[in-house]
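Tertiary structure, described
Below, each chain spelled out in residue letters.
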Amino acid sequence: MEITLSVIKADIGGYVGHSSSHPDVLQKAKEYMESAKKQGLLIDYHVTACGDDAQLIMTHQKGEDNEQIHKLAWDTFVECTEVAKKLKLHGAGQDLLADAFSGNVRGMGPGVAEMQFTERQAETVIIFMADKTASGAWNLPLYKMFADPFNTIGLVIASNMHSGFAFEVEDVMEAKKIKFNAPEEIYDMLVFLGSPSRYSITNIFHKESNEIAAACSTQHLALIAGRYIGKDDPVCIVRSQGKFPAVGEILEPFASPNIVEGWMRGSHHGPLMPVPFHNARATRFDGPPRVIAAGFQITEGKLVGANDLFADPAFDEARHQANLLADFLRRMGPFEPHRLPLEQMEYTTMPEVMKKLAPRFQSV
Ligand code: F6R
Ligand code: MG
Ligand code: MG
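We now turn to the structure provided with this report. (Residues numbered from 1 in each chain as written. Chains lettered and ligands numbered in written order. Predicted model: local features only at pLDDT ≥ 70, side-chain atom pairs only at ≥ 80, totals over all residues. Heavy atoms only, no water.)

Turning our attention to the site of ligand 1. Residues in contact with ligand 1 amount to 11 residues; listed here are only the nearest, H18, H90, R265, D286 and Y347. H18 has a polar side-chain atom sitting 2.8 Å from an oxygen atom of ligand 1. Here an oxygen atom of ligand 1 sits 2.5 Å away from a polar atom, N or O, in the side chain of D286. With the chains in place, 77% of the 410 Å² that ligand 1 exposes on its own is no longer accessible. (Near = heavy atom within 4 Å. Polar contact = N/O pair within 3.5 Å; in protein donor to acceptor, adjacent residues only side chain to side chain. Areas by Shrake-Rupley, 256 points an atom, 1.4 Å probe, with all protein chains shown as cover.)

Written out as structure tokens, the structure is:
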């Protein structure tokens with residue numbers, strides 16, 4: 001059975017500030033999704049939130065980039081914005097950057113990760129959702145999952161994974177993409193992946209079968225809008241088990257926290273903290289950046305789940321280390337590398353301060 005799994009997300013208002021989502025907004029999204037399911041457009045759906053981002057997880061048979069599915073997501077977000085406006089939530093409708101829907105939500109503000117596949121005998125998927133960070137945040141964990149034998153022993157000892165994976169990487173500044181084969185080309189690939197503010201993994205394929213293994217949202221809100229709107233707060237779908245990494249191999253990279261860009265005012269480096277669903281609330285210095293992992297078995301398109309995969313004491317030490325890193329970085333206040341380099345900050349007063357002080361600068 002051919003299934004498309006679409007995850008479309010947007011920040012349509014924060015409660016309180018930019019910390020989390022309001023239940024009434026999510027309830028409205030559920031009503032919209034339920035009616036689309038009744039009409040037969042969706043096979044199934046799951047509505048959730050990560051911080052201030054509403055997440056629509058949908059299964060259907062319309063394929064990727066389908067106008068009806070994207071319009072459903074857009075209309076849902078527009079209706080949810082009405083609820084957010086009534087409650088005067090902070091930044092109501094902030095990610096809806098277009099006045100009207102025009103065929104595909106890509107480029108209109110919401111983040112999109114989609115994949116189409118033939119449902120396996122047991123179709124295990126994990127959906128990662130992050131808040132207060134950018135799409136490049138997936139580069140390091142995805143590299144570990146699909147190319148690092150110190151993380152994924154299956155690459156070494158499972159014959160159905162032994163030939164490796166192909167990584168599709170996008171240059172988000174120039175809107176170009178390139179495919180690398182791992183393990184053969186990892187040294188070339190890491191030149192790019194190691195610079196996640198510019199190069200993001202978009203898709204990963206099982207090399208032997210060319211089957212889709214992972215799909216990420218790479219939409220950069222600031223590049224779409226030409227000004228700061230909010231962080232991209234990306235999502236990522238990973239297929240698991242069999243010829244794909246096991247659930248434990250997929251979660252393992254998050255056991256040692258990665259430092260990502262985002263956090264307060266989208267202008268800092270901070271640890272990406274893996275948390276259970278109920279802790280996906282960005283409160284300390286508007287963070288630190290968070291990631292949740294929702295596990296599902298997909299059964300004839302039905303979403304059996306969500307299983308809260310970071311709700312496990314085995315990730316307590318990662319959370320503890322993330323807090324220590326957060327303390328350490330916070331001590332640096334407005335200094336780099338806690339604060340992002342000038343050209344990467346999402347907020348800046350540099351032009352106005354520079355203009356004011358220009359007459360006082362002297363040649364050296
Ligand atoms: C970061 C984020 C927050 C806001 C901050 C100021 O992605 O969303 O840290 O940047 O709370 O928000 P505004 O400018 O809306 O008052
Ligand atoms: Mg927000
Ligand atoms: Mg957010």
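With distances of 1.9 to 2.2 Å, the protein atoms coordinating the magnesium ion (ligand 2) are D11 (OD), H18 (ND1) and D52 (OD). Each donor residue of the magnesium ion (ligand 2) lies on the same chain, and together they follow the pattern D-x6-H-x33-D. The metal-metal distance between the magnesium ion (ligand 2) and the magnesium ion (ligand 3) is 4.6 Å, with D52 serving as a donor to both. The class for D11 is buried, based on a relative accessible area of 2%. (Donors = N, O, S within 2.8 Å, 3.2 Å for Na, K, Ca; no water. Buried < 20%, exposed > 50% of the residue type's maximum accessible area, 1.4 Å probe, protein only.)

The next thing to look at is the coordination of the magnesium ion (ligand 3). Surrounding the magnesium ion (ligand 3) are the protein donor atoms D52 (OD), D53 (OD), D131 (OD) and D233 (OD), at 2.0 to 2.2 Å. Counting along the primary sequence, the residues that act as donors to the magnesium ion (ligand 3) give the motif D-D-x77-D-x101-D.

With respect to the helices, strands and loops of the structure, V169 is situated in strand β6 (residues 165–171). We classify V169 as buried; its relative accessible area is 2%. It is 4.4 Å that separates the C-alpha atoms of V169 and I201, two residues lying 32 residues apart in sequence. When neighbours within four sequence positions are excluded, V169 is seen to be in contact with K176, K177, I178, F180, L193, Y199, S200, I201 and T202. (Helix = DSSP H or I, 4+ residues; strand = E, 2+ residues; numbered from the N terminus. Contact = heavy atoms within 4.5 Å.)

A word on the sheet that holds strand β4 (residues 111–118). In space, the 4 strands of this open sheet follow the order β2-β3-β1-β4, with antiparallel pairing throughout. Looking along the sheet, the strands with just one partner apiece sit at the ends: β2 (44–50) and β4. When the angles between neighbouring strand axes are averaged without regard to direction, this sheet yields 15°. Pairing between strand β1 (residues 2–10) and strand β3 (residues 53–60): 7 bridges, direction antiparallel. Bridge assignment links L5 to a residue of β3, and that residue is T59. Helix α2 (residues 67–86) rests against β1, β3 and β4 of the sheet, and its axis sits at about 150° to β3. (Pairing = 2+ DSSP bridges. Axes fitted to C-alpha atoms, helices over the stretch in contact; angles between N-to-C directions.)

Right, let's talk about the environment of F296 for a bit. Locating F296 in the fold gives a position in strand β14 (residues 290–299). Judged by its relative accessible area of 2%, F296 is buried. Sequence separation of F296 and E123 is 173 residues, and the distance between their C-alpha atoms is 8.2 Å. Apart from the residues within four sequence positions on either side, F296 is in contact with H46, I57, E123, T124, V125, I127, L303, V304, G305 and A306.

The next point concerns the pattern of salt bridges. All chains considered together, the criterion is met by 20 salt bridges. One salt bridge in this structure joins K28 and E31, with 3.6 Å as the shortest N-O distance. Placement of both K28 and E31 in helix α1 (residues 23–38) is noted, with a separation of 3 residues, approximately one turn of the helix. The class for E31 is partly exposed, based on a relative accessible area of 40%. (Salt bridge = Lys/Arg side-chain N within 4 Å of Asp/Glu carboxyl O.)

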